[in-house]
Amino acid sequence: MKKLLSLVLAGAMCLGLLSGCTSGKQPDPTNPPADKTDPPVAQSDASTEAPPTELTGTLKVAMWDLTADAIFSSVIEAFEDANPGVTIEPIDIPSADYGTKLSVMLNGGSEVDVFWVKDANTIYPIANRGQLADLSGYVSRDGMDLSAYNGQAEGFNIDGKQVGIPFRTDYYVLFYNKDIFDAAGVEYPANDMTWAEFEELAKKVTMGEGVDKKYGAYFHTWQACIQNWGVQDGQHTIMDTDYSFFKPYYEMVLRMQNDDKTCMDYGTVKTANLHYSGVFSDGSVALMPMGTWFAATMIDKINKGESSVNWGIATLPHPDNVEAGYTVGAATPICINSASDKQDLAWEFVKFACGPEGAATVAAQGGVPALLDDATLKAISSVDGYPEGALEALQVKNIVRDRPVADKVSEVDQMLGE
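A. Representation of the overall build of the protein within the structure. Secondary structure summary: the protein contains 18 helices and eleven strands in total. Burial analysis of the protein (418 residues in total) assigns 46% to the buried set. Summed over its atoms, the accessible surface of the protein is roughly 21300 Å², and 52% of this surface lies on carbon and sulfur atoms.

If you want it as structure tokens, here you go:
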């Protein structure tokens, strides 16, 4: 009887415990049971959010002169640091052969996943061959604001397809040699100067004779270094059928070459195979219109002891009927191969390189990213080696595309060059 009573009491206690466990009552959080641990904090909230997906894989990315351009290598390194599961395999091609070899790779299929386009005007024929992935869906999905690229992104929208995203932009500014201006006792160039004033200024700073002559100005042999000033107003392009708008600038340069002797003549520059970087960095010229990319070259030459020129930059001179701050330039886009089977991963690289992270990386190297704002310009001008006043000189109101993205533009550009 005692054993039976003990079993009945034990069973009753178990039933009571089971009843308490299934009653739905929560334990008092201020006095938790000693034999239980606290539940995980915010367990239900965490379960409603998908954990971030780590990017993994390998991308083959094509560019030119990788070892000579710290911008490419810096962006690739920054992306890999941010995404340790991704490996970038660079396909480094000499700049002179880039267009040809890139075409061979694209024609061969999926040998390359992502590529920079060296000359933006060549993007049209690549698109016509169906070798560019349409990025419109990615842009829409990720809410990328293309207006932040200062009008450069629209040039890579072909037949309603966004086939490229601007990575960096370069535009023309005026480089000048402070030492020559100081020796001549002439004030440095202003950021609001017309081409007529530029022509007169070159006369004031031309000095010396023979091998010791300091020329007031230098125009390189590219047709862009004359024809660009004709499209600076944004009203004309090289695809016009009447090229009379080039005439004032050819006449200006011919006067400076033949009458005033304030700049080297075309024949001398061409036959001597002179390069603009050498002519300016050795202190031979006072004024030189050239792209912003040249700033990094000058900084590098001075750091290596290859030049001692005390240089500065000013805003590009403008036509009489155009306000200061209008310049000419081009954007370098990044595209995805339509034959790539890694387009999702490729887009993540494009988005990074062309986004705020990539822009900051480009600016840190002294380059000008396409995603350009006041803060970025300040960062660029603060790079060690940039001259005083660079921030004001780099401020622009409009960057006119030197060559539009259009059918036959490469052929027209070649004819104009000849």
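Next comes the rest of the write-up.
B. Spotlight on the pattern of salt bridges. Scanning the model with the defined rule gives 13 salt bridges in all. In this structure, Lys397 engages Glu323 in a salt bridge whose closest nitrogen and oxygen atoms are separated by 3.0 Å. Linking Lys397 in the loop between α17 (390–394) and β11 (398–401) with Glu323 in the loop between β9 (311–315) and β10 (326–336), this pair joins segments that are 74 residues apart in sequence.

C. Up close: the packing of aromatic side chains. By the definition in use, this model includes 26 aromatic pairs. Ring centres of Phe175 and Phe294 lie 5.0 Å apart, and the angle between their planes is 75°; this geometry places the pair in the edge-to-face category. Of this pair, Phe175 sits in strand β6 (residues 165–177) while Phe294 sits in helix α13 (residues 293–303), and the two are 119 residues apart along the sequence. Accessibility assignment for this pair places Phe175 and Phe294 in one class, buried. Aromatic ring contacts, followed pair by pair, group Tyr172, Phe175, Trp195, Phe198, Phe219, Trp222, Trp229, Tyr276, Phe280, Trp293, Phe294 and Trp311 into a single cluster. Looking at Arg401, its charged tip hangs above the ring of Phe156, at a distance of 5.2 Å from the centre.

D. Geometry of the confidence of the model for the protein. Summary statistics for the protein give a mean pLDDT of 86 and a share of 88% for residues scoring 70 or more. Note on residues 1–51: pLDDT is under 50 here. Beyond four places in sequence and across chains, it has two contacts.

E. How the structure looks around the pairing of strand β2 (residues 86–93). Of the pairings in the sheet, the one linking strand β1 (residues 57–64) to β2 comprises eight bridges and is parallel in character. Within β2, the residue paired with Leu59 across the bridge is Ile88. With helix α3 (residues 70–82) bridging β1 and its parallel neighbour β2, the resulting β-α-β unit is right-handed.

F. Expanded view of the side chain of Arg168. Along the chain, the position of Arg168 falls in strand β6. Residue classification places Arg168 among the buried positions, given a relative accessible area of 11%. Side-chain polar atoms of Arg168 contact the side chain of Asp170, separated by 3.2 Å. For Arg168, the residues in contact, after removing those within four places along its chain, are Asp69, Ile71, Trp293, Ala330, Ala331, Thr332, Gly367, Val368, Pro369 and Ala370.

G. The packing of α3 against helix α15 (residues 356–364), seen in detail. Look at α3 against α15: their axes get within 9 Å of each other, and the N-to-C directions meet at 140°. As judged from the angle between their axes, α3 and α15 are oblique. Between α3 and α15 lies a crossing whose hand is right-handed. Residue-level contacts link Ile71, Ser74, Val75 and Ala78 of α3 to Gly358, Thr361 and Val362 of α15. Among the residues forming the contact of α3 with α15, the class breakdown is four nonpolar, three polar and no charged.

H. Local environment of α13. Listing the buried residues of α13 in full gives Phe294, Ala295, Met298, Ile299 and Lys301. Along the axis of α13, the buried residues cluster in a sector spanning 165°; they form a single face. Taken from the residues just after α13, Gly305 is the one with a positive phi, measuring 80°.

I. The arrangement of helix α10 (residues 247–259) in detail. Between its first and last C-alpha atoms α10 spans 17 Å; for 13 residues at 1.5 Å apiece the expected length is 18 Å, and the two agree. If you check which residues of α10 are buried, you get Tyr249, Met252, Val253, Met256 and Gln257. Seen end-on, α10 carries its buried residues on one side only, within an arc spanning 125°. In α10, the exposed positions angled more than 90 degrees off the buried face are occupied by Lys247 and Asp259. Buried residues in α10 make contact with α8 (195–204), β7 (215–217), α9 (224–231) and α11 (266–271). Count one or two residues on from α10 and you reach Lys261, which has phi positive near 55°.

J. Here's a closer look at unusual backbone geometry. With phi around 55°, Asp159 is a residue other than glycine that occupies positive phi space. With respect to the helices, strands and loops of the structure, Asp159 is situated in the loop between β4 (157–158) and β5 (161–162).

K. View of the environment of Trp195. Along the polypeptide, Trp195 turns up in helix α8. For Trp195, a relative accessible area of 4% translates into the label buried. As a C-alpha pair, Trp195 and Pro317 span 122 residues in sequence and 5.4 Å in three-dimensional space. Trp195 has contacts with Trp229, Gln232, Tyr249, Met252, Pro289, Leu316, Pro317, His318 and Pro319, leaving out every residue within four places of it along the chain.

L. A look at the side chain of Asp113. Take Asp113: it is sitting in the loop between α4 (98–107) and β3 (114–116). In this structure Asp113 is buried but unpaired, with Lys342 as the nearest side chain of opposite charge at 4.7 Å. A distance of 2.7 Å separates a polar atom in the side chain of Asp113 from a polar atom in the side chain of Ser340. Apart from residues no more than four positions distant in its own chain, Asp113 is found in contact with Thr58, Leu59, Lys60, Cys335, Ile336, Asn337, Ser340 and Lys342.

Reading the values: rules and limits
Residues numbered from 1 in each chain as written. Predicted model: local features only at pLDDT ≥ 70, side-chain atom pairs only at ≥ 80, totals over all residues. Heavy atoms only, no water. Helix = DSSP H or I, 4+ residues; strand = E, 2+ residues; numbered from the N terminus. Buried < 20%, exposed > 50% of the residue type's maximum accessible area, 1.4 Å probe, protein only. Areas by Shrake-Rupley, 256 points an atom, 1.4 Å probe, with all protein chains shown as cover. Salt bridge = Lys/Arg side-chain N within 4 Å of Asp/Glu carboxyl O. Phe/Tyr/Trp six-rings, centres within 6.5 Å; stacked < 30°, edge-to-face > 60°. Lys NZ or Arg CZ within 6 Å of the ring centre and 35° of its normal. pLDDT = per-residue confidence, 0-100. Contact = heavy atoms within 4.5 Å. Pairing = 2+ DSSP bridges. Right-handed = clockwise from strand over helix to strand, strands pointing away. Polar contact = N/O pair within 3.5 Å; in protein donor to acceptor, adjacent residues only side chain to side chain. Axes fitted to C-alpha atoms, helices over the stretch in contact; angles between N-to-C directions. Parallel < 35°, antiparallel > 145°, perpendicular 65-115°, else oblique. Left-handed = near helix turned anticlockwise from the far one by under 90°. Nonpolar A, V, L, I, M, F, W, Y, C, P; charged D, E, K, R; others polar. Arc of directions from axis to C-beta. Expected span 1.5 Å × (residues − 1). Lys, Arg positive; Asp, Glu negative; His and termini not counted.

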